[in-house]
Amino acid sequence: MFIWLLVVTLAVSALVCFIATRFFDKPIGSILTRLVSEELSFAWHRYITFAIYVVGISGGGRIWALERYITPNTEEASVVQLNAARWTLGSTPLARTLSS
């Protein structure tokens, strides 16, 4: 179940990055065309698109937050059980406040 949570979290992050990239594709392209030459604007546009994906997926993945389902916090504590309720709330900010 942990692997599915990881895959779904990364897929949602990639989907959000795709939507953001498509939404801002033309504005970024027009701004770069005004600032730099035509040849450079194409390269910078691809670089910014790549940066959006890298930052979005790495920030949205939150691998360190999923680590609590693998290793215990302390020596006395056990691993947090990953059930359906935690799986649904696992990617929301509400789950972080409830588990604190």
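Keep in mind that what you see is a predicted model, and the values were worked out from it rather than measured.

> Please explain the overall build of the chain as it appears in this structure.
Helix and strand content of the chain: six helices and zero strands. Reading the chain from its N terminus to its C terminus gives the helix and strand order α-α-α-α-α-α. Counting across all 100 residues of the chain, residues that qualify as buried make up 17%. Put simply, of all contacts in the chain between residues at least 6 apart along the chain, 60% involve residues at least 24 apart. About 7600 Å² of surface is accessible on the chain, with carbon and sulfur atoms providing 70% of the total.

> Whenever I open this one, a nonpolar patch on the surface confuses me. Can you help?
A cluster of nonpolar side chains, contributed by I3, W4, V7, V8, V12 and V16, occupies part of the molecular surface with about 580 Å² of accessible area. A residue is classified by how much of its surface remains accessible, and V7, at 42% relative accessible area, is partly exposed.

> Would you explain the side chain of H45 in this entry?
One can find H45 in helix α3 (residues 38-61). When neighbours within four sequence positions are excluded, H45 is seen to be in contact with D25, I28, G29 and L32.

> Honestly, the confidence of the model for the chain in this entry has me stumped. Any pointers?
If pLDDT is low for a region, its predicted coordinates should not be looked at in detail. When pLDDT is averaged across the chain, the result is 76; 58% of the residues are at 70 or more. The element-level mean pLDDT for the chain is lowest in helix α6 (residues 93-99), coming to 47, with helix α2 (residues 25-35) highest at 92. Per-residue pLDDT stays below 50 along residues 93-98; that stretch engages in five contacts with residues further than four places along the chain or on separate chains.

> Just checking my understanding: could you explain the environment of R46 for this structure?
The topology assignment puts R46 in helix α3. In this structure, the C-alpha to C-alpha distance between R46 and G29, residues 17 residues apart in sequence, is 9.6 Å.

Cut-off values and rules
Residues numbered from 1 in each chain as written. Predicted model: local features only at pLDDT ≥ 70, side-chain atom pairs only at ≥ 80, totals over all residues. Heavy atoms only, no water. Helix = DSSP H or I, 4+ residues; strand = E, 2+ residues; numbered from the N terminus. Buried < 20%, exposed > 50% of the residue type's maximum accessible area, 1.4 Å probe, protein only. Contact = heavy atoms within 4.5 Å. Areas by Shrake-Rupley, 256 points an atom, 1.4 Å probe, with all protein chains shown as cover. Patch = residues over 30% accessible without salt bridge, like charges linked within 9 Å, V, L, I, M, F, W, Y side chains within 5 Å. Salt bridge = Lys/Arg side-chain N within 4 Å of Asp/Glu carboxyl O. pLDDT = per-residue confidence, 0-100.

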